[in-house]
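Letter by letter, the chains look like this.
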Amino acid sequence: MSVLVFIEADNGVIKKSSLEAVTYGSKLGDVTAVAMGSIDGSELQKVGKFGAAKVLHCSDERLNDGVIAATATLIAAAAAEVSAATIVMSRSSLVDAVAARVAIKTNSAVVANVQDLPDTSNGFTVKRGVFTGKAFAYVSVPDGNKVITIAKNVVQLEETGTDAAVEEFSVSFGDADFGVKRVGVHKQEGDILLPEADKVVSAGRGLKGPENWQMIEDLAGTLGAATACSKPVSDMDWRPHHEHVGQTGIKVAPQLYIAVGISGAIQHLAGVNSSKVIVAINKDPEAPFFKAADYGVVGDAFEVVPKLIEAIKNSQN
Ligand SMILES: Cc1cc2nc3c(=O)[nH]c(=O)nc-3n(C[C@H](O)[C@H](O)[C@H](O)COP(=O)(O)OP(=O)(O)OC[C@H]3O[C@@H](n4cnc5c(N)ncnc54)[C@H](O)[C@@H]3O)c2cc1C
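Residues numbered from 1 in each chain as written. Predicted model: local features only at pLDDT ≥ 70, side-chain atom pairs only at ≥ 80, totals over all residues. Heavy atoms only, no water.

### Let's talk about the pairing of strand β4 (residues 30-36)
(1) Moving on: For β4, the tally of buried residues reaches six of seven residues, placing the bulk of the element in the interior.
(2) Moving on: Where strand β1 (residues 2-6) and β4 come together, five bridges link them in parallel fashion. Within β4, the position partnered with Val3 by the bridge is Val31.
(3) Moving on: As paired elements, β4 and strand β5 (residues 52-58) share six bridges and run parallel to each other. The partner of Val34 across the bridge, within β5, is Leu56. (Buried < 20%, exposed > 50% of the residue type's maximum accessible area, 1.4 Å probe, protein only. Helix = DSSP H or I, 4+ residues; strand = E, 2+ residues; numbered from the N terminus. Pairing = 2+ DSSP bridges.)

Structure below.
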């Protein structure tokens, strides 16, 4: 079976979540990847290590801006080029906007926010997250074309292959494909971008005030993690708004999420419950976060966090 995987890059570097989509696609059939905009050939070749034999690369620089309509046209054209009945993409703000458009162009069923590999023992059934991750739905997809968007951390990256063959892929776009133009981008500052971070240290109102955030930054620095916060913390301007995670904030899915002095309200959990391992530090043993956490420390953050930093530093030496 021919499978097409859409891969996204950030500043020319392919996102880890896109490599996860390649690994996912390789479990379903023969993967061709499609990429767009300014990405080096050597960067594209590495997609092969995760299971793609070939990468179709549309290097049109207008696609650097992630224009939704043009991206959908590109993916549909690539699917036609390789006769792919299954298209896999990893969720992102672009993919969330593009998936339904690709489904219409390719006459496909679409299943969004898929959490696991499909059960193919009797047709094609996938598990998808619903109600902001509070529940799952099992969706059976009839025979025919499918567009699957997967959540982060659904599969472990597997380096099994060698470099992929990279081919330039041209698409004749229409005016409507570039009907919307991006005129500016304000990017989060710092080395580690929160939505892509592998580790996140987050803190809430339990920290009492912005003057106490140094220990959170120290813990994040020790672990090589990004920092985040709960909504009230950013509402009170203790931290910048781009750090607020949750239902109304950024959705994160790191390997490790450490929540310090955060109650664990459902609106907060909605943005972090896809994290692989959750550690909650809270002085209240009844705090709801402990129900969602893999590890919990009941204690005062001002005592626990400095000891944690010290212990991590000792283990690193
Ligand atoms: C429509 C809607 C959308 C929302 N969206 C979001 C969202 O996207 N993200 C979000 O975060 N919230 C969101 N909220 C708000 C959410 O409901 C909670 O109010 C919020 O998450 C609580 O933040 P908090 O845990 O930092 O503060 P609190 O609820 O005040 O909890 C502070 C916690 O810190 C603990 N604590 C206190 N002192 C210490 C100490 N010294 N050491 C250790 N622990 C300590 C306390 O035991 C408590 O559990 C939303 C609410 C609504 C209604």
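On we go.
### Focus: the sheet that holds strand β15 (residues 277-282)
(1) Moving on: Spatially, β13-β12-β14-β15-β16 is the arrangement adopted by the five strands of the open sheet, whose pairing is parallel. Each of the sheet's edge strands pairs with one partner strand only, and the pair in question is β13 (226-229) and β16 (295-298). On average, adjacent strands in this sheet sit at an angle of 15° to one another, irrespective of strand direction.
(2) Moving on: In terms of strand pairing, strand β12 (residues 199-203) meets strand β14 (residues 256-260) through five bridges, oriented parallel. Opposite Val201, over in β14, you have Ile258 as the bridge partner.
(3) Moving on: Sheet strands touched by helix α5 (residues 214-223): β12, β13 and β14. Its angle to β12, the strand with the most contacts, is close to 170°. (Axes fitted to C-alpha atoms, helices over the stretch in contact; angles between N-to-C directions. Contact = heavy atoms within 4.5 Å.)

### Points about the UniProt feature "binding site: FAD" (unreviewed entry) in the chain
(1) Moving on: Following the UniProt record, one finds the feature "binding site: FAD" (unreviewed entry) at Arg205, Gly261, Ile262, Ser263, Gly264, Ala265, Ile266, Gln267, His268 and Asn282. Those annotated residues from the list above that line the second largest pocket are Arg205, Gly261, Ile262, Ser263, Gly264, Ala265, Gln267, His268 and Asn282.
(2) Moving on: With respect to the element layout, Gly261 can be found in the loop between β14 and α7 (266-269).
(3) Moving on: Relative accessible area serves as the criterion here: at 17%, Gly261 is assigned to the buried category.
(4) Moving on: Other than its neighbours up to four places away in sequence, Gly261 contacts Gly204, Arg205, Gly206, Ile281 and Asn282.
(5) Moving on: Mapped onto the elements of the fold, Asn282 is located in strand β15.
(6) Moving on: Leaving out residues up to four positions away in the same chain, Asn282 has contacts with Gly261, Ile262, Ser263, Ala287, Phe290, Val297, Val298 and Gly299.
(7) Moving on: Only 2.9 Å separates the side chain of Asn282 from the backbone nitrogen of Asp284, close enough to count as a polar contact. (UniProt positions renumbered as here; feature names shortened; annotations may be inferred. 1 Å grid on protein atoms, 1.4 Å probe; cavity = no way out; pocket = protein on both sides within 12 Å on 5 of 7 lines; lining within 4 Å. Polar contact = N/O pair within 3.5 Å; in protein donor to acceptor, adjacent residues only side chain to side chain.)

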